[in-house]
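Okay, here's what each chain looks like letter by letter:
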Amino acid sequence: MRLANRVIAWQRTHGRHDLPWQNTRDPYRVWLSEIMLQQTQVSAVIEYYQRFLKHFPDVEKLALATSEAVMAQWAGLGYYARARNLHACAKRVMTEWNGSFPGDAAGLATLPGIGPSTAAAIASFCFGERTAILDGNVKRVFARYFAVEGDPTQRATEIKLWQLAREQLPSVKTCTTDPEAMSRYTQGQMDLGATLCTRSRPRCTECPIEKGCLARSTGRTEELPWPRQRKVLPERTTGMMVAYRDNHVLLEQRPDTGIWGGLWSLPEFKTSDSSEQACNTLGLQFQTLQTLTPFLHVFTHYRLTITPLLAQVSSNSDPLSTTSNQRRWVHVEQLDTLGLPAPVRKLLEGLRADQLLQSPRE
């Protein structure tokens, strides 16, 4: 039996069927889930996906939303370029495609943030198109099954895997006689990688394609695929000013590009500056200053040690204006309505819980 037919049969009985974005052919919902699932686990996505849909139930609502509103619902999922592309894509669908997503992978791949594999997944799930996907799970399955050498993230290895993915598609006859075959095969590959053919301790005895798997037969399941060559992450430091007055916290909106693009964050300062210098740079008249315990936040490309400075400032103290970043005072009860970077949100929630952001009564 062909590999594809075994995967389809297995998915029908043992695959995942109850995820919030399944059992629909709505391209908007499928697209949203696929973008959120890029570099993020299913368990982390479900809550964000459901909440996002409540605020933006269709592509038109998303296209008309402000960038700030979109970022507020995305905050915490990370990789914020995805959210910016998501918003840009919705606008393109409305202006260039009359509010309907393109009906094939080739058209979908022209939209912001949709790569070849994501386009193929959407086209397969929504339109039954016979086209190959190659996300991280599928790379792992094929690298083991065919004993593909090389780092799957490198171009040469990826080309080999794409070729195999295309060769293993269900036959045209299978897709013609079974309208669900293509979507089940696509979902089945994802399910195999997520539930059985996992990075460590794969459950080979339960796998529908165990027979024929070269990694299994040669005892190389832990060796394949080759691990990604990891670089030593550089270390960076920054100070974050937690300035508060009258139960309000000073926030600034970051530029649209770069780390935490478009999110609201705390003003930063050089850790080499003294506490007084940090306040003076912002033009704040402080009443009390307290340096808090530094903490680490790890990005994909570097490690950032953040040193928070808690500053109670006078009621008439306003920060110096800036041409690059917008700054404003936000009431502590309104922090949940803004898109905040995960470490900033965690820091502020901790300070609120400890009642350290409340101005003392006169």
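Computed from a predicted structure; not experimentally measured.

The rules behind these values
- Residues numbered from 1 in each chain as written.
- Predicted model: local features only at pLDDT ≥ 70, side-chain atom pairs only at ≥ 80, totals over all residues.
- Heavy atoms only, no water.
- Helix = DSSP H or I, 4+ residues; strand = E, 2+ residues; numbered from the N terminus.
- Contact = heavy atoms within 4.5 Å.
- Areas by Shrake-Rupley, 256 points an atom, 1.4 Å probe, with all protein chains shown as cover.
- Axes fitted to C-alpha atoms, helices over the stretch in contact; angles between N-to-C directions.
- Parallel < 35°, antiparallel > 145°, perpendicular 65-115°, else oblique.
- Left-handed = near helix turned anticlockwise from the far one by under 90°.
- Nonpolar A, V, L, I, M, F, W, Y, C, P; charged D, E, K, R; others polar.
- Buried < 20%, exposed > 50% of the residue type's maximum accessible area, 1.4 Å probe, protein only.
- Core = buried A, V, L, I, M, F, W, Y, C linked by side-chain atoms within 4.5 Å.
- Phe/Tyr/Trp six-rings, centres within 6.5 Å; stacked < 30°, edge-to-face > 60°.

A. Seen up close, the overall build of the protein. Within the protein one finds 15 helices and eight strands. Principal-axis analysis of the C-alpha atoms places the extent of the protein at approximately 80 × 50 × 35 Å. The contacts in the protein between residues at least 6 apart in sequence include a share of 66% that link residues at least 24 apart. About 18500 Å² of surface is accessible on the protein, with carbon and sulfur atoms providing 49% of the total.

B. Looking closely at the packing of helix α8 (residues 116-127) against helix α12 (residues 181-196). Look at α8 against α12: their axes get within 7 Å of each other, and the N-to-C directions meet at 135°. One element, α8, and the other, α12, form an angle in the oblique class. As α8 runs across α12, the sense of the crossing is left-handed. Of α12, the residues touching α8 (which contributes A121, S124 and F125) are M182, S183, T186, Q187 and M190. When the residues that make up the contact of α8 with α12 are grouped by side-chain class, the tally is four nonpolar, four polar and no charged.

C. How the structure looks around the environment of R201. Secondary-structure assignment places R201 in the loop between α12 and α13 (214-217). Classification of R201 by relative accessible area gives exposed; the value is 73%. In the structure, R201 is positioned 21 residues away from E222 in sequence and 7.5 Å away in space, judged by C-alpha atoms.

D. Spatial organisation of the nonpolar core. Ranked by internal contacts, the top residues of the largest apolar core, which has 98 residues, are W31, F52, L251 and L348. If you tally residues by element for this core, the top one is α8, at seven residues.

E. Summary view of the packing of aromatic side chains. The full count for this structure, using the stated rule, is nine aromatic pairs. Between Y145 and F146 the ring centres are 4.9 Å apart and the planes differ by 75°, which places this aromatic pair in the edge-to-face class. On the accessibility criterion, Y145 (10% relative accessible area) is buried. Overall, the relative accessible area of 23% leaves F146 in the partly exposed class.

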